[in-house]
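So the chains spell out like this:
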Amino acid sequence: MRKALLLFFCPLFLLAQNKEVTIVMQFADGFSPQALQEMQLEAERIVSKAGVNLAFKHRHEAAQETYNDLIFFKLTGRCEMDSFPPLLDERGPLAFTFTTDGRILPFGEVKCDRLRDSIKTAMSGADYSQGNHLLGRAMGRVLAHELYHMLAQSKGHAKGGVAREFLSPRQLIAEKLDFSNHDCAFIQSNGSKSLL
Ligand SMILES: [Zn+2]
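Read on for an overview of the structure. Only a predicted model underlies this, so the values are computations on that prediction, with no experimental measurement involved.

### Considerations on the overall build of the chain
Okay, step 1: If you tally the helices and strands in the chain, you get seven helices and five strands.
Okay, step 2: Going from the N terminus to the C terminus, the chain shows its helices and strands as α-β-α-β-α-β-β-β-α-α-α-α.
Okay, step 3: For the chain, the residues scored as buried account for 35% of the 196 residues in total.

Given below as structure tokens:
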């Protein structure tokens, strides 16, 4: 009887354990503290639904310590809102994850200049008063999108939500954007694997 109970409860107990992931950030060209704070809150909010807790460290803070599940993100470009008109001819991804031999690595990059120009096309005059807040929200969403690839170990995309292939400027700054329940289950089913 005692054994049967343990067999029944253990899987539930294991599922209830959140995965702890440390994100090490390296900013190449400066950032707004407000955008950084909002990026962290938004990414944490999105991935917590999939049972993942995030801790953020700057590269110099993380150098002395060791972590089990570590993901490195380089943030290139200036991660700060400005009032210049967007460069509409700039193309390319807003963020990406590195792979080698088809394997998804725990290394990603967020392109702040591209992201800033992208969301400007969906911003109106009043939005600029909270420009760094919106830029941080967009940064958090593309970061969560790349985390989806890394945690689920999948190059695939979802039909909707944060894990869809293309996030429009409007979706990047909209009030809310999440993983679907299916995406959360997908991440959790692969989340027991080590990232390296
Ligand atoms: Zn993707």
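### Concerning the packing of helix H5 (residues 131-152) against helix H7 (residues 181-190)
Okay, step 1: Running from N to C, H5 and H7 cross one another at 40 degrees; their axes reach a closest spacing of 8 Å. By the angle between their axes, H5 is oblique relative to H7. Contact residues: H5 offers Tyr-148, Leu-151 and Ala-152, while H7 offers Asp-183, Phe-186, Ile-187 and Asn-190.
Okay, step 2: Taken together, the residues of the contact of H5 with H7 break down into five nonpolar, one polar and one charged.

### Side note on helix H2 (residues 33-48)
Okay, step 1: Helix length check: H2 (16 residues) gives 22 Å between terminal C-alpha atoms against 22 Å at 1.5 Å per residue, within 8%.
Okay, step 2: Along H2, the residues that are buried comprise Ala-35, Leu-36, Glu-38, Met-39, Glu-42, Ala-43, Ile-46 and Val-47. Angular distribution of buried residues about the axis of H2 spans 165 degrees; they occupy a single face of the element.

### What to know about the sheet that holds strand E4 (residues 95-100)
Okay, step 1: Taking strand neighbours across the sheet as the criterion, the five strands line up as E2-E1-E3-E5-E4 in an open arrangement whose pairing is mixed. The strands lining the two open edges of the sheet, one partner per strand, are strand E2 (52-58) and E4. Adjacent strand axes in the sheet meet at a mean angle of 30 degrees when their direction is disregarded.

### Description of the pairing of strand E1 (residues 19-27)
Okay, step 1: Summarising the sheet, E1 and E2 pair through seven bridges and their orientation is parallel. The partner of Val-24 across the bridge, within E2, is Lys-57.
Okay, step 2: With H2 bridging E1 and the parallel E2, this β-α-β connection has right-handed handedness.

### Examining the packing of helix H4 (residues 112-120) against H5
Okay, step 1: Put simply, H4 and H5 touch, their axes get as near as 10 Å, and they point 120 degrees apart. By the angle between their directions, the pair H4 and H5 is classed as oblique. Seen from above, H4 lies across H5 with right-handed handedness. Contacts between H4 and H5 pair Cys-112, Leu-115, Arg-116 and Ile-119 from the former with Leu-134, Leu-135, Ala-138, Met-139 and Val-142 from the latter.

### Regarding the environment of Gln-34
Okay, step 1: Within the secondary structure, Gln-34 is located in helix H2.
Okay, step 2: Overall, the presence of 16 C-beta atoms within 10 Å leaves Gln-34 in the partly exposed class.
Okay, step 3: When the C-alpha positions of Gln-34 and His-133 are compared, they lie 6.3 Å apart, and in sequence the two are 99 residues distant.
Okay, step 4: The residues contacting Gln-34, other than those within four sequence positions of it, are Asn-132, His-133 and Gly-136.

### Focus: H7
Okay, step 1: Among the residues of H7, Asp-183, Cys-184, Phe-186 and Ile-187 are the ones counted as buried. Summarising the axial view, the buried residues of H7 lie within an arc of 160 degrees, below the 170-degree limit, and thus occupy one face. Residues Asn-181 and Ser-189 are exposed on H7 and point more than 90 degrees away from its buried face.
Okay, step 2: On the buried face of H7, the contacting elements are H5.

Each value, and the rule that gives it
- Here the residue numbering is sequential within each chain, running from 1 through the sequence in written order.
- With pLDDT at 70 or above as the cut-off, local features in this predicted model cover only qualifying residues; side-chain atom pairs require 80 or more to be listed or tallied, and sums for whole chains, interfaces and linings still use all residues.
- Only runs of H or I of at least four residues qualify as helices and only runs of E of at least two qualify as strands under DSSP, and these elements are numbered from the N terminus.
- Think of it as a crowd count around each C-beta: if 20 or more other C-beta atoms lie within 10 Å the residue is buried, if 12 or fewer it is exposed, and in between it is partly exposed, with C-beta placed from the backbone throughout.
- With axes taken as lines fitted to C-alpha atoms, and helix axes fitted only over the stretch in contact, angles between N-to-C directions fall between 0 and 180 degrees.
- Every angle not falling under 35 degrees, over 145, or within 65 to 115 is termed oblique; those three ranges are roughly parallel, roughly antiparallel and roughly perpendicular.
- What counts as a contact is two residues whose backbone-derived C-beta atoms lie within 7 Å of each other.
- When residues are grouped by polarity, Ala, Val, Leu, Ile, Met, Phe, Trp, Tyr, Cys and Pro land in nonpolar, Asp, Glu, Lys and Arg in charged, and all others, Gly among them, in polar.
- Helix span is expected to be 1.5 Å times the residue number reduced by one.
- The directions considered for the arc are those from the helix axis to the C-beta atoms.
- A pair of strands is labelled paired if DSSP reports no fewer than 2 bridges between them.
- Every crossover in which the path from the first strand over the helix to the second runs clockwise, viewed with the strands pointing away from the viewer, is termed right-handed.
- Definitions for this section: a left-handed crossing has its near helix turned counterclockwise from the far helix by less than a right angle. A right-handed crossing has that turn clockwise.

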